[in-house]
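# Report on the structure
Residue strings, one per chain:
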Amino acid sequence: QLKLWNKYRISNIPSLIFLDATTGKVVCRNGLLVIRDDPEGLEFPWGPKPFREVIAGPLLRNNGQSLESSSLEGSHVGVYFSAHWCPPCRSLTRVLVESYRKIKEAGQKFEIIFVSADRSEESFKQYFSEMPWLAVPYTDEARRSRLNRLYGIQGIPTLIVLDPQGELITRQGRVEVLNDEDCREFPWHPKPVLELSDSNAVQLNEGPCLVLFVDSEDDGESEAAKQLIQPIAEKIIAKYKAKEEEAPLLFFVAGEDDMTDSLRDYTNLPEAAPLLTILDMSARAKYVMDVEEITPAIVEAFVNDFLAEKLKPEPI
């Protein structure tokens, strides 16, 4: 059961995922919306459709102006799933407005589309009045639902970033916006190894994560740790991308700060540094490699043993 939870990155229930029985590939992550929207199975087998097809139709600005979705041609696009009743959404929106302005002022072709999860059209209008970008009309519930289905949205706020061809760049736009306030790394192509921070720690709950704890009093130690892990992370990511699957591990380097101390306390890890771990929050399990020196060979063997299920978990 836990393997399935981790493989499909399930963060809440009930969840229903449809697979192609021949290939094992995911057809649709948000099956609950499928059976609500298509109870007679007229669109079976519910395979993913191109973004341009799903978004086709009029889009609104908060001044009432209507634009066709064809106006997005040639632009990077952020698809923003959010709602006024959600406090983290309102906090992110304030930051995202500034990011949007900076990206546009830098001459980048970028547009955001708000997909509302508000509970009334009045709430939608109130919230949308704070946004300088586009929105799917609140009354177009079918299109809002199709976008939720397309990206398997399990929680809000979520910001999906697409390239000008409508292909996915990252599902972690929220984390990227909070970590890159000056938008220097836009359009936020994923990094193989992340430095653990308050804003991206939520990703620890999305599946098994390799975390290398280091003594960050040495300014260069975190960067050296990232360079050590990166070739292994890139190899794993490329292997699973070739199979059109998500990598089974996320990769982090953690320094010394209050958030890292809290994580160590919560998972009952030793105070050693460096300390190589794999944390699986959904399974409440940890795997610990406490050695004096962390080498690429040690990291690769640790990862391979984990993927081959040769490691014995300890409880969190």
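The name recorded for the protein in an unreviewed UniProt entry is Nucleoredoxin, from Tupaia chinensis. UniProt annotates the protein under Sequence similarities (unreviewed entry) with the comment "Belongs to the nucleoredoxin family." According to the UniProt record, the Subunit (unreviewed entry) comment for the protein is "Associates with the phosphatase 2A holoenzyme. Interacts with PPP2CA; the interaction is direct. Interacts with DVL1 (via PDZ domain); the interaction is direct and regulated by oxidative stress."

The secondary structure content of the protein amounts to ten helices and 15 strands. The globule rule puts the C-alpha radius of gyration for 316 residues at 20 Å, and the 21 Å found for the protein is close to it. When its C-alpha atoms are laid out on the principal axes, the protein stretches across 65 × 45 × 35 Å. In the protein, which comprises 316 residues, the share counted as buried stands at 44%. Within the protein, contacts between residues at least 6 apart in sequence are counted, and of these 61% link residues at least 24 apart. Carbon and sulfur atoms make up 50% of the accessible area of the protein, which totals about 16,400 Å².

Y80, L96, I112, F114, M131, W133 and W188 are the most contacted members of the largest nonpolar core, which has 25 residues in total. Per-element accounting of this core gives the leading share, six residues, to helix α4 (residues 87–105). Setting aside residues no more than four positions away along its own chain, L96 makes contact with Y80, I112, W133, L159 and V177. In this structure, V214, Y240, V299 and F306 belong to the second largest nonpolar core, which totals 24 residues.

For the rest of this paragraph, the subject is a negative patch on the surface. A grouping of D198, E256, D257, D258, D261, D265 and E271 is seen on the molecular surface, where their side chains present a negatively charged patch. When you line up the elements, D261 lands in helix α9 (residues 258–267).

A word on the pairing of strand β11 (residues 209–213). With five of five residues buried, β11 is to be regarded as a mostly interior element. Residues C209, V211 and F213 point to one face of β11 and L210 and L212 to the other, with burial holding for every one of them. When β11 meets strand β12 (residues 250–254), the two strands line up parallel, connected through five bridges. Considered in β12, the bridge of V211 is made with F252. In this sheet, strand β13 (residues 275–280) lies alongside β11 in antiparallel orientation, the contact comprising five bridges.

Note on pairing: side chains with opposite charge can pair once their charged atoms come close. Evaluation of the coordinates by the stated rule reveals 18 salt bridges. A salt bridge links K191 to E185, with the shortest nitrogen-to-oxygen separation between them at 2.4 Å. Owing to a relative accessible area of 37%, K191 belongs among the partly exposed residues under this scheme. Exposure remark for E185: the relative accessible area of 42% places this residue in the partly exposed category. One network of salt bridges, in which partners are shared, links R36, D37, E43, K49, E141 and R149.

This paragraph deals with the domain arrangement of the protein. Per the domain assignment, the segments making up the protein are domain 1 (1–37), domain 2 (51–179) and domain 3 (194–315). Around 740 Å² of area is buried between domain 1 and domain 2 when both sides are counted, 40% of it from carbon and sulfur atoms. For the interface between domain 1 and domain 2, the tally reads two salt bridges. One salt bridge in this structure joins R149 and D37, with 3.4 Å as the shortest N-O distance. At the junction of domain 1 and domain 2, the tally comes to five residue pairs in polar contact (both at pLDDT 80 or more).

Before going further, it helps to spend a moment on the state of the cysteines. Applying the stated criterion across every chain, the model contains zero disulfides. Cysteine C183 shares no disulfide, and the gap to the nearest cysteine sulfur, in C89, comes to 19 Å. The exposure class of C183 is buried, given its relative accessible area of 10%.

Criteria and thresholds
Residues numbered from 1 in each chain as written. Predicted model: local features only at pLDDT ≥ 70, side-chain atom pairs only at ≥ 80, totals over all residues. Heavy atoms only, no water. UniProt positions renumbered as here; feature names shortened; annotations may be inferred. Helix = DSSP H or I, 4+ residues; strand = E, 2+ residues; numbered from the N terminus. Rg over C-alpha atoms; globule rule 2.2 N^0.38 Å. Buried < 20%, exposed > 50% of the residue type's maximum accessible area, 1.4 Å probe, protein only. Contact = heavy atoms within 4.5 Å. Areas by Shrake-Rupley, 256 points an atom, 1.4 Å probe, with all protein chains shown as cover. Core = buried A, V, L, I, M, F, W, Y, C linked by side-chain atoms within 4.5 Å. Patch = residues over 30% accessible without salt bridge, like charges linked within 9 Å, V, L, I, M, F, W, Y side chains within 5 Å. Salt bridge = Lys/Arg side-chain N within 4 Å of Asp/Glu carboxyl O. Lys, Arg positive; Asp, Glu negative; His and termini not counted. Charge placed at Lys NZ, Arg CZ, Asp CG, Glu CD. Pairing = 2+ DSSP bridges. Domains from an automatic or database assignment. Buried area = accessible area lost by both parts, 1.4 Å probe. Polar contact = N/O pair within 3.5 Å; in protein donor to acceptor, adjacent residues only side chain to side chain. Disulfide = S-S within 2.5 Å.

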